[in-house]
Amino acid sequence: MVVTEEEPEDLKLAYCLYGLQQATLRFDQAHWHRNEDAFVSVAEAVSWAVALDAVLEDATHAGRDGREYKRVRGSCDDGKTVIGMKFVRNHVHHAAEMLSWVYVNALVGNSAHGLRNFWLWTDLDNLDPKPSDQFTSGRGLYASRIGGHSVLDTLLDANRFFLSLVPALPPLPPSEVGEVRVPFILPERWPPIDNDRRA
């Protein structure tokens, strides 16, 4: 399916998904000593995920049903992860709370083959300062599905959820020179980490 100017809703969906995927790739490249790079890229990824979620909640075109979308989202773990991301997004965007959302838990590799960072989300109870009580949407699912978990895994969960939807989300249109966009693939890196979903 090719997105055209006559399909603005499909274009919106395509760009939101592309934004999530590109921010996920940028997060995957964040250096262990650059917490700000990790935080900025993960905040962007979460923002795109929540924007895409909001569009799908209200979608009524191309065979989409917002009510059915909400049912599917609430019935699977990956969808619940997306709901939990609302908690992060709302605190970053509305409360401007630059909390210590992510931290490096492990650094694996060597100088010959490169180093790989293993970032985790901070547990809800360990966020400092404590998040505002004004924005609670997704709080419980942040605690159960995100806090203490691998950041990359949760971003992959969100990507997998959106890519599993029926009807499928539309791809971006070809580039101005006619190049078809390549599918979203995280690059393989050495060495694998236990339980790494790409290993």
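Our structure's up above, just so we're on the same page.
Definitions and limits used
- Residues numbered from 1 in each chain as written.
- Predicted model: local features only at pLDDT ≥ 70, side-chain atom pairs only at ≥ 80, totals over all residues.
- Heavy atoms only, no water.
- 1 Å grid on protein atoms, 1.4 Å probe; cavity = no way out; pocket = protein on both sides within 12 Å on 5 of 7 lines; lining within 4 Å.
- Points joined across faces, edges and corners; volume = space filled by probe spheres on them.
- Helix = DSSP H or I, 4+ residues; strand = E, 2+ residues; numbered from the N terminus.
- Nonpolar A, V, L, I, M, F, W, Y, C, P; charged D, E, K, R; others polar.
- Salt bridge = Lys/Arg side-chain N within 4 Å of Asp/Glu carboxyl O.
- Buried < 20%, exposed > 50% of the residue type's maximum accessible area, 1.4 Å probe, protein only.
- Expected span 1.5 Å × (residues − 1).
- Polar contact = N/O pair within 3.5 Å; in protein donor to acceptor, adjacent residues only side chain to side chain.

Chemist: Please give an account of the layout of surface pockets that cites residues and values.
Modeler: If you add up the space inside the largest pocket, you get close to 500 Å³. Pro171, Leu172, Arg181, Val182 and Pro183 are, among the 23 residues lining the largest pocket, the residues nearest its centre. At the level of secondary structure, the elements contributing two or more residues to the lining of the largest pocket comprise α1 (8–28) and α6 (151–163). Here the element with the most residues in the lining of the largest pocket is α1; it accounts for six residues. By residue class, the composition of the lining of the largest pocket is 20 nonpolar, two polar and one charged. As for the second largest pocket, its lining consists of Leu56, Gly63, Arg64, Asp65, Gly66, Glu68, Tyr69, Val72, Leu165, Val166 and Pro167.

Chemist: Give me the pattern of salt bridges: which residues, what numbers.
Modeler: One pass over the structure, following the stated rule, counts 12 salt bridges. As a salt-bridge pair, Glu9 and Lys12 come within 3.6 Å of each other at their nearest N and O atoms. Of this pair, Glu9 and Lys12 both sit in helix α1, separated by three residues, roughly a single helical turn. For Glu9, a relative accessible area of 31% translates into the label partly exposed. Judged by its relative accessible area of 40%, Lys12 is partly exposed. Counted as one network, the salt bridges with shared partners bring together Asp77, Asp78, Arg145, Asp157 and Arg160.

Chemist: Can you lay out α6 for me, pointing to particular residues and giving the numbers?
Modeler: With 13 residues, α6 should cover 18 Å at 1.5 Å per step; its first-to-last C-alpha distance of 18 Å lies within 8% of that length. When you tally the buried positions in α6, you get 11 out of 13 residues, the bulk of the element. Along α6, the residues classified as buried are Val151, Leu152, Asp153, Thr154, Leu155, Leu156, Asp157, Ala158, Asn159, Phe161 and Phe162. Near the N-terminus of α6, the side chain that reaches the backbone nitrogen of Leu152, with its oxygen 3.4 Å away, is that of Ser150.

By themselves, these are just geometric observations and shouldn't be taken as functional.
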